[in-house]
Amino acid sequence: MWTGVIPAVTTKFTPDGDLDHAEMERCFALQLDAGCDGIIVCGSLGEGPMLSQDERLAVLKTAQGVAGRKPVLLTVSEAGTREACALAAKAAKAGASGLMVVPSPIYHTDEAETVATLRAVAAAGDLPVMIYSNRVAYRVDVTPRIMEALADDARFVAIKESSDDIRRTTEIFNLLGDRYAVLTGVDNLAFEALSVGAVGWVAGLVCAFPEETVAIYRLVKAGRLAEALEIYRWFRPLLDLDVSTYLVQNIKLAEALAIGSTEHVRAPRRPLAGARRAEVEAVVRHALERRPALKRAA
């Protein structure tokens, strides 16, 4: 159901901390104009946990207004299952194309609890679900065995594979065949994951560099691996900015430099400053100076 490059977009704020819908419309449109295949809102990069449920639904509505027929997924990442189910039901009522669901980021569920939570949220929303497996950030590992336990529910259609272990993608295919659409969720493992069969890329640095992200994906899928790898090697220092405690600030700074967007974040985050800011800015400016000429994939 979901393939290609699907940005996990940033949420834009005004200087006063309110939602900046006009800037979100502009930035979301840049993604889609570059050839991205959908949008995921209010994930980790989208500062979802810092937004109220009503704010998340408002961001969803803005993305829907830009995306047209392309899918827009809302991230569900709540501490409690009851709250997650409530948000899933609201997303369905609001016309979301689907949900990206994270097990509780606060309580670290065991295997049985993880299965029960994911089943409950899927039932509450009754929408297609992308399971977000990210043991690094959330310390709950949605393993292939858990995916197998959920496979009898047709609402579970995709996996955002973010275990940080490239072997996991092949393990999913070996156990489950093509039961799930497997999308890579780690920017600096994207070429590797796509090369072993991932059908999509839930991307972060795409927010600042949409054309290059789409080009890599399309070249890999066209079998033009050498051309894709050349772009990927240029992109790699930027992609490393996604794998950081400061990924939100890193990518918003990259957006400011590459597409003229803003760096406003929700507290307790603050924009990058000092040596850390200088380091990230140097990476982005170096990449901008050496931006590759892109070749169109067939």
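Before reading on, note that the structure itself is shown above.
Residues numbered from 1 in each chain as written. Predicted model: local features only at pLDDT ≥ 70, side-chain atom pairs only at ≥ 80, totals over all residues. Heavy atoms only, no water.

**Student:** Would you explain the overall build of the protein in this entry?
**Tutor:** Broken down by element type, the protein carries 12 helices and 8 strands. Here the protein has a C-alpha radius of gyration of 18 Å; the compact-globule value for 298 residues is 19 Å, and the two agree. Each principal axis of the C-alpha atoms in the protein carries an extent, and together these give about 50 × 45 × 35 Å. Within the protein, the fraction of its 298 residues that count as buried is 54%. Here the contacts in the protein between residues at least 6 apart in sequence split such that 73% fall between residues at least 24 apart. A total accessible area of about 12,400 Å² is found for the protein, and carbon and sulfur atoms account for 51% of it. Looking at charge distribution, the protein has the averaged site of its 34 positive side-chain charges lying 2 Å from that of its 38 negative ones. (Helix = DSSP H or I, 4+ residues; strand = E, 2+ residues; numbered from the N terminus. Rg over C-alpha atoms; globule rule 2.2 N^0.38 Å. Buried < 20%, exposed > 50% of the residue type's maximum accessible area, 1.4 Å probe, protein only. Contact = heavy atoms within 4.5 Å. Areas by Shrake-Rupley, 256 points an atom, 1.4 Å probe, with all protein chains shown as cover. Lys, Arg positive; Asp, Glu negative; His and termini not counted. Charge placed at Lys NZ, Arg CZ, Asp CG, Glu CD.)

**Student:** So what exactly am I meant to see when it comes to the packing of helix H2 (residues 53-67) against helix H3 (residues 81-93) here?
**Tutor:** For any two helices packed against each other, one specifies the inter-axial angle together with the distance between the axes. Direction vectors running N to C along H2 and H3 enclose 30 degrees, while the axes themselves pass 11 Å from each other. Viewed along their axes, H2 and H3 adopt a mutual orientation that is roughly parallel. H2 and H3 meet at a crossing whose hand is right-handed. Packed against H2, whose contacting residues are Gln 53, Arg 56, Leu 57 and Leu 60, the element H3 presents Glu 83, Ala 86, Leu 87, Lys 90 and Ala 91 at the interface. (Axes fitted to C-alpha atoms, helices over the stretch in contact; angles between N-to-C directions. Parallel < 35°, antiparallel > 145°, perpendicular 65-115°, else oblique. Left-handed = near helix turned anticlockwise from the far one by under 90°.)

**Student:** So what exactly am I meant to see when it comes to the sheet that holds strand E5 (residues 129-133) here?
**Tutor:** The strands making up a sheet associate through hydrogen bonds between their backbones, and the pairing can be parallel or antiparallel. Strand order in this open sheet of 8 strands is E1-E8-E7-E6-E5-E4-E3-E2, and the pairing throughout is parallel. With one partner strand each, in any of the chains shown, strand E1 (4-7) and strand E2 (39-41) form the two edges of the open sheet. Strand after strand, the sheet turns through a mean of 25 degrees between neighbouring axes, direction not considered. Pairing of strand E7 (residues 181-184) with strand E8 (residues 200-203) involves 2 bridges; the strand directions are parallel. Residue pairing across strands places Thr 184 opposite Trp 201, the latter belonging to E8. Across the face of the sheet, helix H4 (residues 111-125) comes into contact with strand E3 (72-76), strand E4 (98-101), E5 and strand E6 (156-161) while running at roughly 160 degrees to E4. (Pairing = 2+ DSSP bridges.)

**Student:** Would you mind showing me how to read the pattern of salt bridges here?
**Tutor:** Proximity of charged atoms lets side chains of opposite charge pair with each other. In the structure shown here, the tally under the stated rule is 19 salt bridges. Salt-bridge contacts for Arg 266 lead to Glu 55; the nearest nitrogen and oxygen are separated by 2.6 Å. Taken together, the residues span a long stretch of sequence, with Arg 266 in the loop between helix H11 (247-259) and helix H12 (274-289) and Glu 55 in helix H2 at a distance of 211 residues. Beyond isolated ion pairs, a larger network of salt bridges with shared partners links Asp 126, Asp 153 and Arg 155. (Salt bridge = Lys/Arg side-chain N within 4 Å of Asp/Glu carboxyl O.)

**Student:** What's the story with the pairing of E6 in this structure? I'm lost.
**Tutor:** Regular strands place their side chains on alternate faces of the sheet. Buried residues dominate E6, accounting for 6 of its 6 residues. Pairing geometry for E5 and E6, over 5 bridges, is parallel. Among the inter-strand pairings, Ile 131 is bridged to a residue of E6, identified as Ile 159. Where E6 meets E7, 4 bridges bridge the pair, whose relative direction is parallel. When the sheet's bridge partners are listed, Ala 158 is paired in E7 with Ala 181. A crossover connection joins E6 to the parallel E7 through helix H7 (residues 167-176); in handedness this β-α-β unit is right-handed. (Right-handed = clockwise from strand over helix to strand, strands pointing away.)

**Student:** What is the right way to look at H4 in this model?
**Tutor:** Spacing of three or four residues puts side chains on the same side of an α-helix, whose turn is 3.6 residues. Over its 15 residues, H4 extends 22 Å from the first C-alpha to the last, a length consistent with the 21 Å expected when each residue adds 1.5 Å. Taken residue by residue, H4 has Thr 114, Val 115, Thr 117, Leu 118, Val 121, Ala 122 and Gly 125 as its buried positions. All buried residues of H4 lie within an arc of 165 degrees about the axis, which places them on one face of the element. With a side-chain oxygen positioned 3.2 Å from the backbone nitrogen of Ala 112, the residue opening H4 is Asp 110. At the C-terminal side of H4, Asp 126 shows a positive phi close to 50 degrees. (Expected span 1.5 Å × (residues − 1). Arc of directions from axis to C-beta. Polar contact = N/O pair within 3.5 Å; in protein donor to acceptor, adjacent residues only side chain to side chain.)

**Student:** Could you clarify how one ought to interpret the packing of aromatic side chains in this entry?
**Tutor:** Throughout the structure, instances matching the rule amount to 4 aromatic pairs. Taken together, a centroid distance of 5.9 Å and an interplanar angle of 70 degrees make the contact between Phe 209 and Phe 235 edge-to-face. Here Phe 209, found in the loop between E8 and helix H9 (210-221), pairs with Phe 235, found in helix H10 (residues 225-239); they are 26 residues apart in sequence, far enough to count as distant. The rings of Phe 209, Trp 234 and Phe 235 are connected pair by pair, giving a single aromatic cluster. Against the face of Tyr 132 rests Lys 160, its NZ or CZ located 3.9 Å from the ring centre. Of note, Arg 179 hangs over the ring of Tyr 180, and the distance from its end group to the ring centre comes to 4.4 Å. (Phe/Tyr/Trp six-rings, centres within 6.5 Å; stacked < 30°, edge-to-face > 60°. Lys NZ or Arg CZ within 6 Å of the ring centre and 35° of its normal.)

**Student:** Help me out: how do you make sense of the state of the cysteines in this one?
**Tutor:** Cysteine pairs can be linked by a disulfide, which is a covalent bond between their two sulfur atoms. Using the criterion set out here, one finds 0 disulfides in the structure. In this model Cys 27 remains outside any disulfide bridge; the closest cysteine sulfur is found in Cys 207, 8.2 Å from its own. Of the residues examined, Cys 27 reaches a relative accessible area of 4% and is grouped as buried. (Disulfide = S-S within 2.5 Å.)

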